[in-house]
Amino acid sequence: CICTPCLSHVCVQEASCGYVIILMALYWCTECMPLAVTGLLPVILFPMMGIMESSEVCNQYMKDSNMLFVGGLLVAIAVEYWNLHKRIALRVLLLVGVRPALLMMGFMGTTAFLSMWISNTASTAMMLPIANAVLKQLCDSEAQAEEREMDLMDQDNQAFEMGDKEKSITIGPEPEVEESLEARERRLKREAKYLNLDKGMSLSVCYAASIGGTATLTGTTPNLILKGQVDELFPGNEDIINFASWFGFSFPNMVLMLIISWLWLQFMYLGCNMKKSFGCGMNKDGDKEAYGVIKNEYKKLGSMCFAEGCVLVLFVLLVLLWFTREPGFMPGWATVLFNKDRPYVTDGTVAILMSTLFFMIPSQLPRCGGYSEDGKPLKAPPTLLNWDVVQEKMPWNILLLLGGGFALARGSEVSGLSQWLGESLAPLQSIPPFAISFLLCLLTATFTECSSNVATTTLFLPILASMAVAIKLHPLYVMLPCTICASLAFMLPVATPPNAIAFSYGNLKVMDMAKAGFVLNIVGVITINVALNTWGAAMFNLNTFPDWANVTIIHTP
């Protein structure tokens, strides 16, 4: 072997970068320090180890993906602040009704839709109390119906006993004992039934939140990490990951997973009795009272105010601008107006533009005229959002986490670690691509159960990119499914905040979540790989190795 000082320096850089990655992986998995603080370690270690200059490291913490994250969250904060998400949720539940199977479907669909736009944690925290209130009302209504039935039986027994006085004296207390035992059995059976239903409903809400977050680019943080890593590692990727392309791939997959999850939870907690699950031919009195609970909650919101209408209009406009910026099958408005030679306008530009309007548009319909009230001049109405609300609700720590991930990816590329990893993984070229994708998805889904999904994607994606380039496989063929699998943590309460919220209600046990989640993890991996090899391959041309992916293997000592 020929060893030169320059080559020796490169080897040291690779080892140093590998040390930083291992150290951060250990810190992220054990959470011995806050995740965001661990994300700042590249700012300290990369310059000291001679891997990157400090200014270059710091630039990684404010990328276009970070701006997309901030803009998306500002919209979500406005939706939550004006209770628009609750109005949408209750309206959908009023449409689907309160029959057990339809109720579960309604809660899952609503939670998944909300999680596409607001945080998974917020949608779970809002939906679970509503689900518990509805189930409690259904249980109380059934108990009252049984009491009325028992009262009628008592009246019949008393009429029979009055016809035969001697029998009445002889067996006086016995009917009451028999009736109390029967009532107790009914009560225990009813409580067991609704405890089971409550478990199923709690799991359905937290699982739907995680599944729904995968449908949009801003739905959950790992999606944005993928976009940032692809843009960082493959600068000439021609904006292959944007809001429209992500939605086109992930939304059908989300719907498929949601339906399968609903069927599985239906089987586990409601059984296969269609009459009981869908309520065909059953007493509707209890349903009306439970329906009234949802209706009363909706009435408390009152009619839609001016601020809610403005937030809704801006939200719809933002989504439309995202979809039409670069739809893929035709030139988008950004291409026609701005991006004629370079990608000046991105999804992040649109997100910041629309979120800025929340700080400019008033929350009340402006009044004409300069009159005053009680001798005081009229003040301008407050805007839809103010910075105090944003400061309180914005998860700033995620920005540091995103930046730490981008810094690791850049450090791996500059140090040559990515090239070394790719060459080491080159023997995998003999394994069929679908087998590689499936095994990596299983590994990611297992790892994310005991680690944050942000940490999982941050650590895995640069390695997967290097491997894909080394074996001449389309990078998205392994990076895309593993990113989605990182959000499918269904087995443990500590895996995701929605799981923890559902578990905190006290009715769930760890084994309940593990049994239901294990099957859904396997199903999720299968459905993602089916989507990848069908419409995903057609959308992203995954069967060929793109020219823009060659940049990662270029390294000059």
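Since we're looking at a predicted model, the values are computed, not measured.

Attention shifts here to the overall build of the protein chain. On a plain count of helices and strands, the protein chain comes out with 25 helices and 2 strands. In the protein chain, of all internal contacts separated by at least 6 residues, the share reaching a separation of at least 24 is 81%.

Bringing the packing of helix α11 (residues 221-233) against helix α19 (residues 396-415) into the picture now. Viewed as axis vectors pointing N to C, α11 and α19 meet at an angle of 30°, and their least axial separation amounts to 10 Å. Judged by the angle between their axes, α11 and α19 are roughly parallel. Relative to α19, the crossing made by α11 is right-handed. When α11 is examined against α19, the residues T221, L224, I225, G228, Q229, E232 and L233 are found in contact with a partner set consisting of I398, L402, G405, F406, A409, R410 and E413. Class assignment of the residues belonging to the contact of α11 with α19 gives a composition of 7 nonpolar, 4 polar and 3 charged.

Moving on, we come to a nonpolar patch on the surface. Taken together, the side chains of F438, L439, F518, I522, I526 and V530 define a hydrophobic patch exposed on the protein surface, amounting to about 510 Å² of accessible area. Elements represented by at least two residues in the nonpolar patch include exactly α21 (433-447) and α25 (510-540). By residue number, the principal contributor to the nonpolar patch is α25, which donates 4 residues. Along the polypeptide, V530 turns up in helix α25.

As a further point, take the packing of helix α7 (residues 100-115) against helix α12 (residues 243-270). It is the contact of α7 with α12, at a shortest axis distance of 10 Å, that shows an interaxial angle of 145°. The crossing of α7 and α12 is right-handed. Here P100, A101, M104, M105, M108, G109 and A112 of α7 come into contact with α12, specifically with M254, L258, S261, W262, L265, Q266 and L270. When the residues that make up the contact of α7 with α12 are grouped by side-chain class, the tally is 11 nonpolar, 3 polar and no charged.

With phi around 55°, D239 is a residue other than glycine that occupies positive phi space. Secondary-structure assignment places D239 in the loop between α11 and α12. Of note in the backbone geometry, N541 takes a positive phi value of approximately 55° without being a glycine. Counting through the fold element by element, N541 comes out in the segment after α25. In this structure N541 comes out as partly exposed when scored by relative accessible area, which is 46%.

Per-residue pLDDT for the protein chain averages 81, and the proportion of residues at 70 or more is 84%. The element-level mean pLDDT for the protein chain is lowest in helix α9 (residues 165-170), coming to 47, with helix α23 (residues 475-485) highest at 94. In this model residues 166-179 is a low-confidence stretch, pLDDT under 50, and it forms 6 contacts with partners more than four residues away in sequence or in other chains. Counting interchain partners and residues more than four positions distant, the pLDDT-below-50 stretch residues 552-557 has 15 contacts.

All right, on to the side chain of Q60 then. Of note, Q60 is situated in the loop between α4 (54-59) and α5 (64-81). Side-chain polar atoms of Q60 contact the side chain of K63, separated by 3.3 Å. Those residues within four positions of Q60 in sequence are excluded, and the remaining contacts are M52, E232, G403, F406, A407 and R410.

What follows covers helix α22 (residues 453-470). Compared with the 26 Å implied by 1.5 Å per residue over 18 residues, the 26 Å span of α22 between its first and last C-alpha is a close match. Its maximal kink placed at F460, α22 deviates by approximately 30°, while the proline P462 follows within four residues. α22 sits mainly inside the fold: 16 of its 18 residues count as buried. Of the residues trailing α22, K472 is marked for its positive phi of about 60°.

As for its position among the elements, F107 is in helix α7. As for F107 and A89, which are separated by 18 residues in sequence, their C-alpha atoms are 8.1 Å apart. Ignoring sequence-local partners within four residues, the contact set of F107 consists of L93, M127, I130, A131, M201 and V205.

Glancing now at the side chain of N339. Summarising the element assignment, N339 is placed in the loop between α16 (333-337) and α17 (347-357). Reaching out from N339, the side chain makes a polar contact with the backbone nitrogen of Y344 at a distance of 2.9 Å. Those residues in contact with N339 that lie beyond four places of it in its chain are R325, A334, Y344 and V345.

A full pass over the atoms with the stated rule returns 12 salt bridges. With a closest N to O distance of 3.2 Å, K199 and D512 form a salt bridge. Pair noted here: K199 is in helix α10 (residues 174-212) and D512 is in helix α25, with a separation of 313 residues, a long-range link. Across the pair R410 and E413 runs a salt bridge, and its minimum N-O distance is 3.4 Å.

The largest bend in α12 is about 30°, located at S250, with the proline P252 one to four residues further on. Where α12 begins, the capping side chain belongs to N242, and its oxygen is found 3.1 Å from the backbone nitrogen of A244. Just downstream of α12, G271 is the residue with a positive phi angle, here 80°.

By secondary structure assignment, the location of V98 is in the loop between α6 (84-96) and α7. Of the residues examined, V98 reaches a relative accessible area of 5% and is grouped as buried. Remark: the alpha-carbon pair of V98 and L135, spanning 37 residues in sequence, is separated by 8.9 Å.

With that settled, consider the environment of L263. Position of L263 among the secondary structure elements: in helix α12. Taking relative accessible area as the criterion, L263 reaches 45% and is therefore assigned partly exposed. Each C-alpha atom, one on L263 and one on M105, is 9.3 Å from the other, the two residues being 158 residues apart in sequence.

Cut-offs and rules
- Residues numbered from 1 in each chain as written.
- Predicted model: local features only at pLDDT ≥ 70, side-chain atom pairs only at ≥ 80, totals over all residues.
- Heavy atoms only, no water.
- Helix = DSSP H or I, 4+ residues; strand = E, 2+ residues; numbered from the N terminus.
- Contact = heavy atoms within 4.5 Å.
- Axes fitted to C-alpha atoms, helices over the stretch in contact; angles between N-to-C directions.
- Parallel < 35°, antiparallel > 145°, perpendicular 65-115°, else oblique.
- Left-handed = near helix turned anticlockwise from the far one by under 90°.
- Nonpolar A, V, L, I, M, F, W, Y, C, P; charged D, E, K, R; others polar.
- Patch = residues over 30% accessible without salt bridge, like charges linked within 9 Å, V, L, I, M, F, W, Y side chains within 5 Å.
- Areas by Shrake-Rupley, 256 points an atom, 1.4 Å probe, with all protein chains shown as cover.
- Salt bridge = Lys/Arg side-chain N within 4 Å of Asp/Glu carboxyl O.
- Buried < 20%, exposed > 50% of the residue type's maximum accessible area, 1.4 Å probe, protein only.
- pLDDT = per-residue confidence, 0-100.
- Polar contact = N/O pair within 3.5 Å; in protein donor to acceptor, adjacent residues only side chain to side chain.
- Expected span 1.5 Å × (residues − 1).
- Bend = angle between axes of the 7 residues up to and from the residue.

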